[in-house]
Amino acid sequence: MKKSVLLGALSVAGVAAGVAAAGTLDDVKARGTLNCGVTTGLVGFAAPDANGEWNGFDVAVCRAVAAAVLGDPTAVEFVPTTGKTRFTALASGEIDMLARNTTWTFSRDVDLKFTFVGVNYYDGQGFMVPKELGVSSATELDGATVCIQTGTTTELNLADYFRANNISYEPVPIETNAEAQQQYLAGACDVFTTDASGLAATRATFEAPGDHVLLPEIISKEPLGPLVRHGDNEWGDVVRWTLNALITAEELGVTSANIGEMASGTNNPEINRLLGTEGTLGEMLGLDADWAMKALSVSGNYGEIFEATIGESTPIGLARGLNAQWTEGGLLYSPPFR
């Protein structure tokens, strides 16, 4: 969700190029565990419960990949990363993939040598303020103190927006979402800014969520999604098409409730190819024929995961919006399984 600036870009890119050549798919199979980088804790997206069990929207993608590759959704080692450490962890090979609300940008794709395998949440940077501040627009924030994560391009978006609107502000640097929440609630800053979904997730954990307002302005485009290292196309295909399987399953009406029945064969050839009862898509990926069925059997399709973790029936209460299927006016769109 945070957008790191390009400090040390050349060294990160160099490490990534070397590690990618190793063949991550073979490494994961040999290890028997997927090392998946996540946030240090953002309820709804990736956070451990009281028993230390990781849950959330991004966690579900990690578990789906583990199920597709290893046949076991629990065979995941979750590695918490900050905005500053996430790219080094991926480039160095400490993690096999990053599923941490990370924005797809030109420089991360090209200069840092990472491959974004798709978008699992279309977002934008927003602002949260206490209701008692009496502010209804970000243009009214002149002179405000703003909690913002260091080492991120969120800082650059903020600076650009305030400069364009001739507004002054005082940044309050923070390292993690937990620190931001603590500082914000303690009154160390008037405003907390990050991606709008992160603000909604953070507000949902407050004792009195209604005392805080998400302002209407969205000041950036933040296509969030999982990423892998450049140069390891085989592994990139596995993660990409696992995400696409979750998206396509929703479009085709394949759910956790009917997947067993559909796996016995349907009149829809694309469903049959998706679930491995027709064609050789699994073989092309170096996986079992039923790889996608295994992935979908963990938490269901994209829509089921969304509603269970961050949807309108959860405390976070996010509407599908841009993240609705393309058939419903949203941007969610997977290439065909053929």
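Since this is a predicted model, take the numbers as computed values, not measurements.

J.: Talk me through the packing of helix H9 (residues 233-252) against helix H14 (residues 302-309); I want residue IDs and the actual numbers.
T.: It is the contact of H9 with H14, at a shortest axis distance of 6 Å, that shows an interaxial angle of 100 degrees. Relative to H14, the element H9 lies roughly perpendicular. Judged by residue contacts, Leu246, Ile247 and Glu250 of H9 engage Tyr302, Gly303 and Ile305 from H14. Split into classes, the residues belonging to the contact of H9 with H14 amount to 4 nonpolar, 1 polar and 1 charged.

J.: I'd like a description of the pattern of salt bridges, backed by residues and values.
T.: Enumeration over the complete set of coordinates arrives at 7 salt bridges. In this structure, the salt-bridge partner of lysine 294 is aspartate 288, at a minimum N-O distance of 2.8 Å. Judged by relative accessible area, lysine 294 falls into the partly exposed class, the value being 24%. In the salt-bridge network here, residues are joined through shared partners; they are Asp288, Asp290 and Lys294.

J.: Before we move on, could you go through the sheet that holds strand S10 (residues 169-174) and cite the residues and values that matter?
T.: Taken in spatial order, the 5 strands of this open sheet run S10-S9-S11-S8-S12, and their pairing is mixed. Edge positions in the sheet fall to S10 and strand S12 (212-214), since each of these pairs with one other strand and no more. Along the sheet, successive strands turn relative to each other by an average axial angle of 30 degrees, direction set aside. By the bridge criterion, 3 bridges tie strand S8 (residues 125-130) to S12 in an arrangement that is antiparallel. Along S12, the bridge assignment pairs valine 129 with valine 213. The strands touched by helix H6 (residues 154-164) are S8, strand S9 (144-149), S10 and strand S11 (191-195); relative to S8, the strand with the most contacts, the crossing angle is about 75 degrees. Along the sheet, helix H7 (residues 177-185) makes contact with S8, S9, S10, S11 and S12, crossing S10 at roughly 135 degrees.

J.: With reference to specific residues and values, describe the nonpolar core.
T.: One finds Met97, Trp235, Val254, Leu274, Leu275 and Trp291 to be the most contacted residues of the largest nonpolar core, which totals 60 residues. Broken down by element, the residue count for this core peaks at 10 residues, all from helix H3 (residues 57-70). When near neighbours in sequence (up to four residues on either side) are disregarded, tryptophan 235 contacts Thr24, Leu25, Val28, Leu34, Val65, Val69, Asp96, Met97 and Val228. Within the second largest apolar cluster, 15 residues are counted, among which are Val129, Ala138, Phe162 and Ile167.

J.: If you had to explain the packing of aromatic side chains to someone new, which residues and values would you point to?
T.: Two aromatic rings, taken as a pair, are described by how far apart their centres are and by the angle between their planes. Using the criterion set out here, one finds 18 aromatic pairs in the structure. Ring geometry for phenylalanine 57 versus tyrosine 121: centroids 6.2 Å apart, planes at 85 degrees, classification edge-to-face. Placement of the pair is phenylalanine 57 in helix H3 and tyrosine 121 in strand S7 (residues 121-123), with a sequence separation of 64 residues. The exposure class assigned to phenylalanine 57 is buried, which follows from its relative accessible area of 2%. Relative accessible area serves as the criterion here: at 5%, tyrosine 121 is assigned to the buried category. Ring geometry for tryptophan 104 versus phenylalanine 116: centroids 5.7 Å apart, planes at 5 degrees, classification stacked.

J.: Break down H3 for me, citing the residues and quoting the values.
T.: Its 14 residues place the ends of H3 20 Å apart at the C-alpha level, agreeing with the 20 Å of an ideal helix rising 1.5 Å per residue. Backbone geometry just downstream of H3 places glycine 71 in the positive-phi region, at approximately 75 degrees.

J.: How would you explain the state of the cysteines if you had to name every residue and give the values?
T.: Per the counting criterion, the structure on display carries 2 disulfides. Bridging cysteine 36 to cysteine 62, the disulfide has an S-S length of 2.1 Å. An S-S torsion of about -60 degrees defines the bridge between cysteine 36 and cysteine 62 as left-handed. With a gap of 26 residues between them, cysteine 36 in strand S1 (residues 34-39) and cysteine 62 in helix H3 connect regions that are remote in the sequence. Grouping residues by exposure puts cysteine 36 and cysteine 62 together as buried. Bonded cysteines in the protein are paired 1-2, 3-4 when counted in the order they occur along the chain.

Rules used in this analysis
- Residues numbered from 1 in each chain as written.
- Predicted model: local features only at pLDDT ≥ 70, side-chain atom pairs only at ≥ 80, totals over all residues.
- Heavy atoms only, no water.
- Axes fitted to C-alpha atoms, helices over the stretch in contact; angles between N-to-C directions.
- Helix = DSSP H or I, 4+ residues; strand = E, 2+ residues; numbered from the N terminus.
- Parallel < 35°, antiparallel > 145°, perpendicular 65-115°, else oblique.
- Contact = heavy atoms within 4.5 Å.
- Nonpolar A, V, L, I, M, F, W, Y, C, P; charged D, E, K, R; others polar.
- Salt bridge = Lys/Arg side-chain N within 4 Å of Asp/Glu carboxyl O.
- Buried < 20%, exposed > 50% of the residue type's maximum accessible area, 1.4 Å probe, protein only.
- Pairing = 2+ DSSP bridges.
- Core = buried A, V, L, I, M, F, W, Y, C linked by side-chain atoms within 4.5 Å.
- Phe/Tyr/Trp six-rings, centres within 6.5 Å; stacked < 30°, edge-to-face > 60°.
- Expected span 1.5 Å × (residues − 1).
- Disulfide = S-S within 2.5 Å.

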